[in-house]
Amino acid sequence: QVQLVESGGGLVQAGGSLRLSCAASGRTFSNYAMAWFRQAPGKEREFVARINWTTGNTYYADSVKGRFTISRDNAKNTVYLQMNSLKPEDTAVYYCAARPNAGLIIISPHRYDYWGQGTQVTVSS
């Protein structure tokens, strides 16, 4: 059974940094796409970044490009989201997600099969 457990959220001032972690277990994730989404109150869940577990290829939403970096540690079965230059509009619950077949870049949350419980990120102005 696949489990994704996020950690690392918290309260930070604008301009600050946070690193989120997603510990993945329950299977091998070869050829899986691992992604981060976020959801602010009253808004739809939106794509943030994704990584191909096998190749390490990455893809970002325009809103975070140049500020956020997604990475993975195969030995620890963990995906990270390094968030720098945070803005108040980055405030949201951040979710880790996974889907098989990482060959296509999929950004719709409805196409992801596995989800973590989420971690709150709050950026104060």
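See above for the structure.
Residues numbered from 1 in each chain as written. Predicted model: local features only at pLDDT ≥ 70, side-chain atom pairs only at ≥ 80, totals over all residues. Heavy atoms only, no water.

Draft legend 1. Up close: the pairing of strand 8 (residues 78–83). Burial analysis of strand 8 places 5 of its 6 residues in the buried class, the great majority of the element. Strand direction decides the pairing type here: strand 3 (residues 18–25) and strand 8, joined by 6 bridges, are antiparallel. Pairing of Ser 21 across the sheet is with Tyr 80, part of strand 8. One ladder, built from 6 bridges, connects strand 7 (residues 68–73) with strand 8; its direction is antiparallel. When the sheet's bridge partners are listed, Arg 72 is paired in strand 8 with Val 79. Adjacent in sequence and paired antiparallel, strand 7 and strand 8 are bridged by 4 residues, among which Asn 77 carries a positive phi angle near 50°. (Buried < 20%, exposed > 50% of the residue type's maximum accessible area, 1.4 Å probe, protein only. Helix = DSSP H or I, 4+ residues; strand = E, 2+ residues; numbered from the N terminus. Pairing = 2+ DSSP bridges.)

Draft legend 2. Layout of a nonpolar patch on the surface. Residues Tyr 59, Ile 105 and Ile 107 make up a contiguous nonpolar surface patch of about 270 Å² in total accessible area. Residue position: Ile 107 is located in the loop between strand 9 (92–99) and strand 10 (114–115). Given the relative accessible area of 43%, Ile 107 is considered partly exposed. (Patch = residues over 30% accessible without salt bridge, like charges linked within 9 Å, V, L, I, M, F, W, Y side chains within 5 Å. Areas by Shrake-Rupley, 256 points an atom, 1.4 Å probe, with all protein chains shown as cover. Salt bridge = Lys/Arg side-chain N within 4 Å of Asp/Glu carboxyl O.)

Draft legend 3. Local environment of the side chain of Ser 21. Note on placement: Ser 21 falls in strand 3. The exposure class assigned to Ser 21 is buried, which follows from its relative accessible area of 16%. Beyond its immediate sequence surroundings of up to four residues, Ser 21 is in contact with Val 5, Glu 6, Ser 7, Trp 36, Thr 78, Val 79 and Tyr 80. (Contact = heavy atoms within 4.5 Å.)

Draft legend 4. Region of the structure containing the environment of Ser 71. If you trace the backbone, Ser 71 turns up in strand 7. With 57 residues separating them along the chain, Ser 71 and Ala 14 place their C-alpha atoms 23 Å apart. Those residues within four positions of Ser 71 in sequence are excluded, and the remaining contacts are Ile 51, Thr 78, Val 79 and Tyr 80.

Draft legend 5. Focus on the nonpolar core. Counting residues in each nonpolar core, the largest one holds 38 residues, and the members touching the most others are Met 34, Trp 36, Leu 81, Met 83 and Tyr 94. Elements with a minimum of two residues in this core: strand 3, strand 4 (33–39), strand 5 (46–52), strand 7, strand 8, strand 9 and strand 11 (119–124). Discounting residues that sit within four places of it in the chain, Tyr 94 has contacts with Glu 6, Leu 20, Trp 36, Phe 37, Arg 38, Val 48, Phe 68, Leu 81, Met 83, Gly 118, Thr 119 and Val 121. (Core = buried A, V, L, I, M, F, W, Y, C linked by side-chain atoms within 4.5 Å.)

Draft legend 6. A look at the packing of aromatic side chains. Tallying each qualifying case throughout the model produces 8 aromatic pairs. Taking the centre distance of 5.8 Å and the plane angle of 75° together, the rings of Phe 37 and Phe 47 count as edge-to-face. Here Phe 37, found in strand 4, pairs with Phe 47, found in strand 5; they are 10 residues apart in sequence, far enough to count as distant. A relative accessible area of 0% places Phe 37 in the buried class. Measuring from ring centre to ring centre gives 5.1 Å for Phe 37 and Trp 115, while their planes differ by 55°; the resulting arrangement is tilted. One end of the pair, Phe 37, is in strand 4; the other, Trp 115, is in strand 10, with 78 residues separating them in the sequence. Here the aromatic cluster, defined as three or more aromatic residues joined through ring pairs, consists of Phe 37, Phe 47, Tyr 59, Tyr 95, Tyr 112 and Trp 115. (Phe/Tyr/Trp six-rings, centres within 6.5 Å; stacked < 30°, edge-to-face > 60°.)

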